[in-house]
Amino acid sequence: MKFDISEYQNTIYHDPQRYDDQYWWKKNDIEFWKTIYHKNKGNKILELGSGTGRLAIPLIKEGSEYTGLEISQEFCEYTKKRLQGYSTTYNIINQDFRNFNLHMKFDMIFIAFNTFLHLLTNSDASAFLQSVKQHMNKNTLLYIDIFVPNLLFLYRAKKRIKNLEYIDSQTNETIYIDEVCDYNRTNEINKITWIYYSKDKLKELKYNFTMRMYFPNTMNRLIIDSGLQISNLWGDYDLSSFNESSQLQIYECKL
Ligand SMILES: C[S@@+](CC[C@H](N)C(=O)[O-])C[C@H]1O[C@@H](n2cnc3c(N)ncnc32)[C@H](O)[C@@H]1O
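Described below are features of the structure shown in this document.

Reading the values: rules and limits
Residues numbered from 1 in each chain as written. Predicted model: local features only at pLDDT ≥ 70, side-chain atom pairs only at ≥ 80, totals over all residues. Heavy atoms only, no water. Pairing = 2+ DSSP bridges. Helix = DSSP H or I, 4+ residues; strand = E, 2+ residues; numbered from the N terminus. Axes fitted to C-alpha atoms, helices over the stretch in contact; angles between N-to-C directions. Salt bridge = Lys/Arg side-chain N within 4 Å of Asp/Glu carboxyl O. Buried < 20%, exposed > 50% of the residue type's maximum accessible area, 1.4 Å probe, protein only.

**Quick look at the sheet that holds strand β9 (residues 204-212)**
In a beta sheet, neighbouring strands pair by backbone hydrogen bonds and run either parallel or antiparallel. Taken in spatial order, the four strands make up an open sheet running β6-β7-β8-β9, and their pairing is antiparallel. Edge strands, defined here as strands with exactly one partner in the open sheet, are β6 (161-167) and β9. The average undirected angle you get between the axes of adjacent strands in this sheet is 25°. Across nine bridges, the pairing between strand β8 (residues 189-198) and β9 is antiparallel.

Spelled out as structure tokens, the structure:
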């Protein structure tokens, strides 16, 4: 069954300030991406699903020639404003990564922080990988960083559980996010509801979105079938090898 991405997907990606507020804690991958950037020859890099520029800023500061491709127009505009004043060349492009052609090659291409999970079907993932390949030359490396699905967590009843809390930078209020998951084991799609509320619980805001759960064997097959080779598979941002207790699967691929 094919899901219409507009049905669930982008509701959480309309308000860039809220995205930055709620992911204030996501810093543990920054050193990893800097290391990976320096490991690569050349400085022309492409981030797919570049969000609000969370990784663009540190990578531009490292000297990269950065291109970000992002489906949310609001996020693109916000990122462009944030990047004003950086002297290095950068480019933010408002496009869908499921099928894109920028007519140029990059030295490094990456999709960070579970963004690959927005590719809901095998055919979307394959189309994505084919698009990526058109932007690679023989030395380009592609990186995919996603979590390993946790079956115990996915098979639990559709219970409302606490997920995140953050300070809203506009109002200074503490906002809580609870989560309800509805996982379909046939198509491996997790329908997620996030419920936002403040302490007084006077108003709740609900957002629905979907994520595909990609298990390592599926990733392996999709990557190999696309004609790419896996040159490294890490299980964490410290570049430790992937093993059965790893919580992350980080792929390095080449043509
Ligand atoms: C989890 S966020 C990650 C953002 C950023 N890479 C980061 O690490 O903070 C996923 C991003 O992918 C974008 N996205 C989702 N589907 C997309 C698509 N089909 N094409 C381009 N961007 C997409 C979302 O709008 C969102 O900004």
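**Section: the pattern of salt bridges**
Applying the stated rule across the entire model yields nine salt bridges. Here Arg54 ties to Asp29 by a salt bridge, and the two come within 2.7 Å at their closest N and O atoms. In this pair, Arg54 sits in the loop between β1 (44-48) and α4 (56-61) while Asp29 sits in the loop between α2 (16-22) and α3 (30-39), placing the two residues 25 residues apart along the sequence. Judged by relative accessible area, Asp29 falls into the buried class, the value being 0%. Between Asp178 and Arg160 there is a salt bridge; the shortest N-O distance is 2.8 Å. You can see Asp178 sitting in strand β7 (residues 174-184) and its partner Arg160 sitting in the loop between α7 (151-154) and β6, a full 18 residues away along the chain. In this structure Arg160 comes out as partly exposed when scored by relative accessible area, which is 38%. Overlapping salt bridges, with partners in common, bring together Asp96, Arg98 and Asp124 in one network.

Limitation: the analysis is restricted to geometry and does not speak to function.
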